[in-house]
Amino acid sequence: MFARRVQRRVEPQVSPAIVVRALSARFPKWTIWWGQATMRYWGMSRRRNGTLIHVEARSAQDFVRQAREIDTQTP
């Protein structure tokens, strides 16, 4: 009998550091980092009125969604 090998597609893992650099370039008013212990993306941004806002996101896409929403609602 011949054993069949099943090939599985494995999506490449992108380093969180690379993702943080890309997010930081896209959102220059935000300080963004990857929490190794929490396995989440974090970001802080100071608004014109001095308020400090933060975001905690499970994925880069979630961070983008939240940051865009905040940026459109609060200058």
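Please refer to the structure placed before this passage.
Residues numbered from 1 in each chain as written. Predicted model: local features only at pLDDT ≥ 70, side-chain atom pairs only at ≥ 80, totals over all residues. Heavy atoms only, no water.

A. Highlighting the pairing of strand 1 (residues 31-35). Note: strand 1 against strand 2 (residues 40-46), five bridges, orientation antiparallel. Bridging across to strand 2, Gly35 finds its partner in Arg40. Linkage of strand 1 to strand 2, two consecutive antiparallel strands, is achieved through a turn of four residues, within which Met39 is found at a positive phi near 60°. (Pairing = 2+ DSSP bridges. Helix = DSSP H or I, 4+ residues; strand = E, 2+ residues; numbered from the N terminus.)

B. Representation of the nonpolar core. With 15 residues, the main nonpolar core has Leu23, Phe27, Trp30, Ile32, Tyr41, Val55 and Phe63 as its most contacted residues. If you list the elements that add at least two residues to this core, you get helix 1 (16-26), strand 3 (52-57) and helix 2 (60-73). (Core = buried A, V, L, I, M, F, W, Y, C linked by side-chain atoms within 4.5 Å. Buried < 20%, exposed > 50% of the residue type's maximum accessible area, 1.4 Å probe, protein only.)

C. Representation of the packing of aromatic side chains in the model. Applying the stated rule across the entire model yields three aromatic pairs. Ring pairs connect the aromatic residues Phe27, Trp30 and Phe63, which therefore count as one cluster. (Phe/Tyr/Trp six-rings, centres within 6.5 Å; stacked < 30°, edge-to-face > 60°.)

D. Seen up close, the sheet that holds strand 2. A sheet is described by the order of its strands in space; here three strands give the open sequence 1-2-3, paired in antiparallel fashion. Because the sheet does not close on itself, it has two edges, and the strands there are strand 1 and strand 3. Ignoring which end each strand starts from, the neighbouring axes of this sheet average 20° apart. With respect to the sheet, helix 1 is in contact with strand 1 and strand 2, its orientation differing from that of strand 1 by roughly 165°. In the packing of helix 2 onto the sheet, contacts are made with strand 1, strand 2 and strand 3, and the angle to strand 3 comes to roughly 155°. (Axes fitted to C-alpha atoms, helices over the stretch in contact; angles between N-to-C directions. Contact = heavy atoms within 4.5 Å.)

E. Quick peek at a nonpolar patch on the surface. Residues Trp33, Met44 and Leu52 make up a contiguous nonpolar surface patch of roughly 260 Å² in combined accessible area. Trp33 sits in the partly exposed class, given a relative accessible area of 34%. (Patch = residues over 30% accessible without salt bridge, like charges linked within 9 Å, V, L, I, M, F, W, Y side chains within 5 Å. Areas by Shrake-Rupley, 256 points an atom, 1.4 Å probe, with all protein chains shown as cover. Salt bridge = Lys/Arg side-chain N within 4 Å of Asp/Glu carboxyl O.)

F. Quick look at helix 2. The first and last C-alpha atoms of helix 2 sit 20 Å apart over 14 residues, in line with the 20 Å expected at 1.5 Å per residue. Turning to helix 2, its buried residues are Ala60, Asp62, Phe63, Val64, Gln66, Ala67 and Ile70. In this structure, the buried residues of helix 2 make contact with helix 1, strand 1, strand 2 and strand 3. (Expected span 1.5 Å × (residues − 1).)

G. Broad picture of the pairing of strand 3. Residues Ile53, Val55 and Ala57 point to one face of strand 3 and are all buried, whereas Leu52, His54 and Glu56, pointing to the other face, are not buried. Counting the residues in the hairpin turn of strand 2 and strand 3 gives five residues, including Gly50, whose phi is positive at 95°.

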